[in-house]
Amino acid sequence: MKKKLILVTGGAGFLGSNLCKVLVEQGNYVVCIDNLYTGRKENIVDLMEKENFIFINHDIIQPINLDTVFSFKSGDISITEVEQIYNLACPASPIHYQKDPIQTLKTSVWGIMNMLAIAKKTNATILQASTSEVYGDAQITPQNETYHGNVNTIGIRACYDEGKRVAETLLFDYHRMYNVNIKVMRIFNTYGPNMDPLDGRVVSNFIVQALRNDDITVYGDGEQTRSFCYVTDLIEGMMRLMNSNDTIHGPVNIGNPGEFTVKQLADLVIELTGSKSKIIYMPLPQDDPCRRRPDITLAKEKLNWEPKIQLKEGIEKTMQYFKEII
Ligand SMILES: NC(=O)c1ccc[n+]([C@@H]2O[C@H](COP(=O)([O-])OP(=O)(O)OC[C@H]3O[C@@H](n4cnc5c(N)ncnc54)[C@H](O)[C@@H]3O)[C@@H](O)[C@H]2O)c1
């Protein structure tokens, strides 16, 4: 009996574990490939008990043996085809991706080449988790997919931004040369359960600081803007893109167009947690973008997708998660 096999690289991370959960619940056979660089076993501990989920500890910088991938064999189930590949492996927060910038670049560039090789060989559809960071410090707002970006190629964020840009190029070249079915998704700032409390991202930082009544650190004057997408909305958009018509390759922005200043976020977190924290201001890191807001017209038109969860509701749900784990 032939079953649908889906590879998820980075499946032990924040987004990957939320995605694997939905895919497993739908009855798919899910192979999670992750080297636990930033991912955490706690994120997938419940999934490890399911018979339609396996975890493979592997660095996608290295090619992977397909026999390992096809290791689902129980009863009459024998899987010999990969149907879909979600490529999410890559550290996503600045403190993590700047720790070893060469590893970050290799993960984006060599990693996607290894995954594209599997897609080419098995005829699988491959979705790349790209990022709003390909727009760099954008000169237009909101950012739409035709904007080519403003990235400082030699700055400290370039290992992430440029790696993701090259990965997009490779996907489109594999599509043009070998007709690999590709989907490129540009993800904007996302938050929710399974975030790493220590990853230094603005939402996790603020909630953890507020829950501990520590000072809330705002970088710069707090007037820079961000858009915040709740994770369930994001995963829904990701799966809609993966399962979209074969003529849709993207790039497609997926994010929440609601725009908030970092200071507004800090005030909201203090209000919802009832915290005694005070806001303190620190210097803005190099190349920090001033404005970040997705134009999601394309996602609405092509995928019939738009986010549903408002910031207040999403922050409340995320707070509950952090209360349980810290
Ligand atoms: N969360 C966001 O707001 C956001 C925004 C834009 C883009 N993205 C992209 O989405 C993807 C997932 O992000 P996330 O927030 O879940 O980050 P995360 O750090 O929680 O997850 C990344 C996962 O990839 C794994 N990984 C890293 N390098 C690897 C390698 N060489 N081989 C195998 N596994 C490796 C990590 O261990 C981790 O489990 C990333 O590609 C990221 O660039 C996320």
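Everything below is about the structure printed above this text.
Below or above, wherever it landed, is the structure these notes cover. Predicted model only: the values in this text are computed from it and were never measured. (Residues numbered from 1 in each chain as written. Predicted model: local features only at pLDDT ≥ 70, side-chain atom pairs only at ≥ 80, totals over all residues. Heavy atoms only, no water.)

### A short note on the site of the ligand
Here is step 1 of the chain: With respect to spatial proximity, 30 residues lie near the ligand, and among them Leu-15, Asp-34, Thr-38, Tyr-160 and Lys-164 are the closest.
Here is step 2 of the chain: Contacts to the ligand include Asn-35, whose side-chain N or O atom sits 3.2 Å from a nitrogen atom.
Here is step 3 of the chain: Within the backbone of Thr-190, an N or O atom sits 2.8 Å from an oxygen atom of the ligand.
Here is step 4 of the chain: Calculation on the ligand without its partners gives an accessible area of 820 Å², and the protein chains cover 97% of this total.
Here is step 5 of the chain: Taken together, the elements giving at least two residues each to the shell around the ligand come down to helix H1 (14-25), helix H4 (101-122), strand S7 (125-131) and helix H5 (158-178).
Here is step 6 of the chain: Examining the composition of the shell around the ligand, we find that three residues originate from one element, S7, more than from any other.
Here is step 7 of the chain: Its residues assigned to classes, the shell around the ligand shows 14 nonpolar, twelve polar and four charged. (Near = heavy atom within 4 Å. Polar contact = N/O pair within 3.5 Å; in protein donor to acceptor, adjacent residues only side chain to side chain. Areas by Shrake-Rupley, 256 points an atom, 1.4 Å probe, with all protein chains shown as cover. Helix = DSSP H or I, 4+ residues; strand = E, 2+ residues; numbered from the N terminus. Nonpolar A, V, L, I, M, F, W, Y, C, P; charged D, E, K, R; others polar.)

### Here's the deal with unusual backbone geometry
Here is step 1 of the chain: For the bond running from Thr-141 to Pro-142, omega is -5 degrees, close enough to zero to count as cis.
Here is step 2 of the chain: Structurally, the position occupied by Pro-142 is in the loop between S7 and H5.
Here is step 3 of the chain: With omega at 0 degrees, the peptide bond leading from Gly-250 into Pro-251 counts as cis.
Here is step 4 of the chain: Within the secondary structure, Pro-251 sits in the loop between helix H7 (231-242) and strand S13 (252-254).
Here is step 5 of the chain: In this structure, Leu-36 takes a positive phi of about 60 degrees despite not being glycine.
Here is step 6 of the chain: Structurally, the position occupied by Leu-36 is in the loop between strand S2 (29-34) and strand S3 (53-57).
Here is step 7 of the chain: Among the residues examined, Leu-36 registers a relative accessible area of 26% and is labelled partly exposed.
Here is step 8 of the chain: For Asn-179, which is not a glycine, the phi torsion comes out positive at approximately 60 degrees.
Here is step 9 of the chain: Its location among the elements puts Asn-179 in the loop between H5 and strand S8 (182-187).
Here is step 10 of the chain: Using a relative accessible area of 59% as the deciding quantity, one classes Asn-179 as exposed. (Buried < 20%, exposed > 50% of the residue type's maximum accessible area, 1.4 Å probe, protein only.)

### Examining the nonpolar core
Here is step 1 of the chain: Ranked by size, the top nonpolar core spans 61 residues in total, and within it Tyr-86 and Ile-315 carry the most contacts.
Here is step 2 of the chain: Ignoring sequence-local partners within four residues, the contact set of Ile-315 consists of Tyr-191, Val-203, Ile-207, Leu-265, Leu-268, Val-269 and Leu-272.
Here is step 3 of the chain: Grouped together as the second largest cluster of nonpolar side chains are 31 residues, Leu-7, Met-115, Ala-119 and Leu-170 included. (Core = buried A, V, L, I, M, F, W, Y, C linked by side-chain atoms within 4.5 Å. Contact = heavy atoms within 4.5 Å.)

### Digging into the pairing of S2
Here is step 1 of the chain: Burial analysis of S2 places six of its six residues in the buried class, the great majority of the element.
Here is step 2 of the chain: Burial along S2 is two-sided: the residues Tyr-29, Val-31 and Ile-33 and Val-30, Cys-32 and Asp-34 are all buried.
Here is step 3 of the chain: In the sheet, strand S1 (residues 5-9) pairs with S2 via five bridges, with the strands oriented parallel. When the sheet's bridge partners are listed, Val-8 is paired in S2 with Cys-32.
Here is step 4 of the chain: Viewed along the sheet, the connection from S1 through H1 into S2 turns out right-handed.
Here is step 5 of the chain: Of the strand pairs in this sheet, S2 and S3 are connected by five bridges, and their pairing is parallel. Among the inter-strand pairings, Asp-34 is bridged to a residue of S3, identified as Asn-57. (Pairing = 2+ DSSP bridges. Right-handed = clockwise from strand over helix to strand, strands pointing away.)

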